[in-house]
Amino acid sequence: MFITFEGIEGCGKTTQVNRLKEYFESLGKEVLVTLEPGGSRLGKTLRKILLSMESQDLTREAELFLYLADRAQHVDQIIRPALEQGQVVISDRYADSTVVYQGYGRGLDPQILHSFNEIATRGIWPDLTILLDLPVEIGLKRAVTRNLQTKQTDEGRFEAESIDFHNRVREGYLTWAALNKNRFIIVDATGSVDEIFEQIKNKLSDSTF
Ligand code: TYD
């Protein structure tokens, strides 16, 4: 079983990923939590490059291929082996982030990006994708506070993007989720951690998945 979390900066993905992991473990399942960018050894280096303020000069095409390289390595070395062993795999971001950020956000063609994702993932798609949706202003405020608290001061390249960019990303997620209704669930991420997790659990039990 393969589950991915998606959403704008500061939507609370990481917290909910961990809550869901604990929940599945309480049901006796073996769970692997991973993330993009940065899920593999090579990916950790790519993550530094991708999120650093020093990479302000990356072209959107170069950025795209670094995310795809990260994904190809991640799928091959981490995700596929865990799925083959029967583990539940939960990834904090995956292929949809590329369609939404590089596509709806940066203006590349979402359908072409989808084809690139087919290559990078070798056709491994999530059974379920949880989109945590919230207004950009709230997300960005949370993301900036978190980066200061965790001293991840060199991970600010996306937080430094314009409000317009983030609004395109939010809207892009909603559009892409509507086009992929079979595997997306949309959760209102404005509430407390507990409220959001309750919604996730309810939607999990509602979905045919
Ligand atoms: P992440 O570490 O999840 O940041 P946050 O927790 O602040 O949301 O993701 C890193 C950034 O990389 C995020 O701004 C989205 C971006 N990204 C892309 O632009 N394309 C991609 O394919 C992926 C996986 C991430």
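Just so it is clear, the structure is predicted and the values come from calculations on it, not from any experiment. (Residues numbered from 1 in each chain as written. Predicted model: local features only at pLDDT ≥ 70, side-chain atom pairs only at ≥ 80, totals over all residues. Heavy atoms only, no water.)

An α-helix turns once every 3.6 residues. As a result, residues three or four positions apart point the same way. With 14 residues, helix α6 (residues 136-149) extends 20 Å from end C-alpha to end C-alpha; this agrees with the ideal 20 Å at 1.5 Å per step. Listing the buried residues of α6 in full gives Val136, Gly139, Leu140, Ala143 and Asn147. Seen end-on, α6 carries its buried residues on one side only, within an arc spanning 95 degrees. Exposed side of α6, more than 90 degrees from the buried face: Lys141, Leu148 and Gln149 are the residues found there. Looking at the packing, one finds that the buried side of α6 touches α7 (163-179). (Helix = DSSP H or I, 4+ residues; strand = E, 2+ residues; numbered from the N terminus. Expected span 1.5 Å × (residues − 1). Buried < 20%, exposed > 50% of the residue type's maximum accessible area, 1.4 Å probe, protein only. Arc of directions from axis to C-beta. Contact = heavy atoms within 4.5 Å.)

With that out of the way, let us pick up the packing of aromatic side chains. Across all of its chains, the model carries nine aromatic pairs by this definition. Ring geometry for Phe2 versus Tyr94: centroids 4.9 Å apart, planes at 80 degrees, classification edge-to-face. Linking Phe2 in strand β1 (residues 2-7) with Tyr94 in the loop between β3 (88-92) and α4 (95-105), this pair joins segments that are 92 residues apart in sequence. Residue classification places Phe2 among the buried positions, given a relative accessible area of 1%. Between Tyr23 and Phe24 the ring centres are 5.9 Å apart and the planes differ by 55 degrees, which places this aromatic pair in the tilted class. We classify Tyr23 as partly exposed; its relative accessible area is 28%. The cationic tip of Arg71 hangs over the ring face of Tyr94; the distance from NZ or CZ to the ring centre is 5.9 Å. (Phe/Tyr/Trp six-rings, centres within 6.5 Å; stacked < 30°, edge-to-face > 60°. Lys NZ or Arg CZ within 6 Å of the ring centre and 35° of its normal.)

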